Structure formats: structure tokens, C-alpha cells
Amino acid sequence: MADTIAEKVEFELVSPERLVKSQSVCMVVVPCSEGDIGVLPGHTPLIGTVRPGVVDIHENGKVTESIFVSGGFVEVTPERCTLLAEEALSVDLLNRDTAQARLEAAEKALEKAETDIEKGNAEAEIATAEAMIMALGGGPAH
Amino acid sequence: MPNLKDLKNRIDSVKSTRKITSAMKMVAAAKLRRAQDAAESARAYSERMETVLRSLAGSFAGREGGPKLLAGTGADQAHLLVVFTSDRGLCGGFNGSIVREARQLIHDMKSEGKTVKLLCVGRKGSDLLKGEFGGDIVDAVTGIGGKKGIEFSEATAVSDKITEMFEAGEFDTCSIIFNKFQSAMTQIVTTSQLIPFTSEEDEDASADKDGAGGELKAAYEFEPEESEILEVLLPKNLGVQVFQAMLESSASEHGARMTAMDNATRNAGDMIDKLTLTYNRSRQAAITSELIEIISGAEAL
């Protein structure tokens, strides 16, 4: 049974602006809204929402790359894992000050928000900024 | 016989026009490449989004109580038309063809007794439609795409506005009209429906997916529930569609401007040639008549 399943899973990370990453990986851990999902080859087909957090790419049992995503969707098939993220940047490029500034700006926006949509946007922005800070601080998620 | 000095001035001015148009052509070519790259790399996202959405909508089809963005309001009395044009002119028939199509659509819908609302993206669209449909324009968005190109947040700002109006019950259906980029020479005026959601190639897609992907599609697990995912995904899809339209439109704009400026440069060249010929002819004529005057003057002595 084991040899009928491919050894690698095709991981694709797409942001609206471009295709961020497309490579074969051993495993990828995606922060879904109801808990992190580790995608190995042969995973059950699944569609889920992604919360702001860090995607870890595992090669041979080690994390080779961590990418921060600000939420989106993931589509998993046995051979493939496609992550549609609104925003994606390498964790190395994250910066505490900018994340903090974003958080403050978002909090201000929430105070000023009048419509439900504006409120929703501001809340999403706060969650993103908090997740960024968490990713930097090596918080409980990592 | 035209005045020599006037001709000279005329030639100089056409020459400087040619310089301007050829510079504009260069700028448009450089921008075109960037816009084209952006449009093409964004296609990946919207295509995948469409696949996910289609498999979701497929599993929802025929069921009652789907989200309104998918099912519509059940009426089609009021229509919102989002028109994508450029902010600036000098790009050939780019804006004209969009506006012509939009005008046609509006007339068709009005003659069916529907109300039409307009949301213009790009200054030219609202300028050109203001005269006839000024009262129908709900908003005009200008200044899309700064130095860094078009950003996704600019698209979501527009799509949020659309969602907000939809939720307030201001319209029942919504479609966008924009120039789809084919090549620098050709842009295709495209109309596509945003609300309620329809996948364009619904039928062919399900036809050729039935063999391979049919079972797979049914087997998807959803986390969280399908309806919850749809509720987030549909507004997001609006944003993506608007973004894609903006990118296509901007690539088309630069393509159209490049072609228009190329033509203008060539025409200016032709004009300079013609004027130079006239200039030389009249110069020679002037010399000849002067000579005749001198010779006949000498003979008279």
C-alpha cells in the first residue's frame, strides 16, 4: 500500500499577486482555522480555511522553510496541497516593529469602523498582526 | 504658394509631437511588460480560486438556503454595472469601446424596465458616461495603480463596496465590464457576472471533469462546514475577480496606448516627409523665380 502513494506532496502557495512557491515537499503544516493540519502524501481530499499563522515546510524530518500567511484557503488532494493566501512572506522577513505598527493601525481602524465590513476587515488585520508578533516571539504556536 | 517660414514652423512642431509620441510609446511598452507580468501571475490565484469555488458550489447546487452571493436575491430588478476604464486618455479606442458596450448594455436593461446603477473604476469611464447616465453613477474610483502597480487591497476596497451595497439590498445582480488583455494590438471587451456567482465554463467543466474528477469532487472533506467556507470564500472571490479585471484592464490600457502611440509616431513621420517635400519645392520655386527676375533684369539693360 505504501508504495502506491507518492513520497512527496506537491505544495503550491499562491497569493493574489503571484505564485509564491511551487515545490515537492515531504510534509507541510498548514495553520487551519480549526487547528494545524500536517499534509503528507496521500492526504484525504479537503477544503478548509486558513487562519493567520506560519506554514512550515518539512523536508526529511526537519523544517526547511517557514512562511507567514495572513489567512486564506487550502485545498488538499492526495497528490497536491494548494494554499491560497492573501499575503505570504517568509518568516525571516518579518519585523517586530512593522508588525506592532500594523497592530496599532488596525486597532485604530477598528475603533473608527462604522460598517460591519470595515469592522470585519479591521478585526482580520488585528488577527494577522497578532499572529505575526506571535510568529516572531516564538510564542506558543512555535 | 505657402510661406516658407510657416512651413518651417509646421515641420518643427510636428517633429516635437513625434518626439512626444515616441517617448509615450516607450513608456507604455515598459509599463505594458510589467502589467502583463502582473496579470499573468495573478491568473494562477484566480484560476485556483475558481476551481475550489466550483467544487464547493457544485456540492451546494440544488440545495436551499445557500448564501445570497451564490444564489442571488431571487430577483433581477436592479443591476449594478462595474465599468473598468483608464484614468488617462491617449490610448486609442480603449475607453471608447468599453463605454460603447456599457451604453448598449444599459439601454438594453433599461428597455426591459430594470434599474441600472453604475460603479466606474477609472476617471474616463465616469467622464464619458456622466453626460447620459449621470444620475445612475453611484461612485467613481480613480487613481488605481500607483508606482508599485496595482495592489490587492485596492481591489478589495472596490469589492467591499460592492458587497456592502449588495447587503443593503441596493441591487440584485452585478456584472463587470472590462478590456481583457489579448495582445498589445487587441483587447477584448468582456462582460462577466459577479453576483450571483456563476462559473463561466460551468457546463464544459463538469462535462470533462465527470470522468476524472467526478468522484474526487464528491469526496472532499470540509473544515469548517461548507456553508461557512462559502460565506468567506464568496466575498473573497469578488475581490479576486475585481483584482483580475483591474490587472487585465491596466495591461490592455498600456497595450492600447503603445499601439496608438506607435501609429501616431508613424503618422507624424509621414507628415514630416510630406511637409519637407512641400518646403523644398517652394524653396526651389522661390529661387527659380528670383533667378528669372535677375536674368530678365540683366537682359533689359
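Just above, that's the structure.
*Asks:* Looking at this model, I keep getting lost on the pattern of salt bridges. Mind explaining?
*Replies:* Pairing of side chains with opposite charge becomes possible as their charged atoms draw close. All names here are of chain A. Applying the stated criterion across every chain yields a total of 16 salt bridges over all chains. In this structure, E65 and K21 form a salt bridge, with 3.5 Å as the shortest nitrogen-oxygen distance. Remark: K21 occurs in strand 2 (residues 19-25) and E65 occurs in strand 6 (residues 62-76); sequence separation between them is 44 residues. The class of E65 is partly exposed, set by a relative accessible area of 26%. In this structure, R51 and D36 form a salt bridge, with 3.1 Å as the shortest nitrogen-oxygen distance.

*Asks:* How should the interface of chain A and chain B be read in this particular structure?
*Replies:* It is common to report an interface's size as the accessible area lost on association of the parts. Opposite the 29 residues of chain A that make contact, chain B presents 28 residues. Approximately 2,500 Å² of surface area, both sides summed, lies buried where chain A meets chain B, with 66% of it carried by carbon and sulfur atoms. Sorting the residues of chain A by area buried against chain B places P16(A), I47(A) and F73(A) first, and these three jointly supply 27% of that buried surface. Where chain A packs against chain B, one counts two salt bridges. Between E12(A) and R48(B) there is a salt bridge, with its nearest N and O atoms 2.8 Å apart. At the junction of chain A and chain B, the tally comes to four residue pairs in polar contact (both at pLDDT 80 or more). Where the side of chain A that touches chain B is concerned, the elements lending two or more residues are strand 1 (9-14), strand 4 (35-39), strand 5 (46-59), strand 6, strand 7 (80-85) and helix 2 (116-137) of chain A. The dominant element in the side of chain A that touches chain B, judged by the number of residues it contributes, is strand 5 of chain A, at four residues. Within the side of chain A that touches chain B, the residues separate by chemical class into 13 nonpolar, ten polar and six charged. The pairing of strand 5 of chain A with strand 6 (residues 221-223) of chain B spans three bridges and is parallel. Across the sheet, G48(A) pairs through a bridge with E223(B), a residue of strand 6 of chain B.

Here is what the cut-offs are and how they apply
- Residues numbered from 1 in each chain as written.
- Chains lettered and ligands numbered in written order.
- Predicted model: local features only at pLDDT ≥ 70, side-chain atom pairs only at ≥ 80, totals over all residues.
- Heavy atoms only, no water.
- Salt bridge = Lys/Arg side-chain N within 4 Å of Asp/Glu carboxyl O.
- Helix = DSSP H or I, 4+ residues; strand = E, 2+ residues; numbered from the N terminus.
- Buried < 20%, exposed > 50% of the residue type's maximum accessible area, 1.4 Å probe, protein only.
- Contact = heavy atoms within 4.5 Å.
- Buried area = accessible area lost by both parts, 1.4 Å probe.
- Polar contact = N/O pair within 3.5 Å; in protein donor to acceptor, adjacent residues only side chain to side chain.
- Nonpolar A, V, L, I, M, F, W, Y, C, P; charged D, E, K, R; others polar.
- Pairing = 2+ DSSP bridges.

On their own, these measurements won't tell you what the molecule is for.
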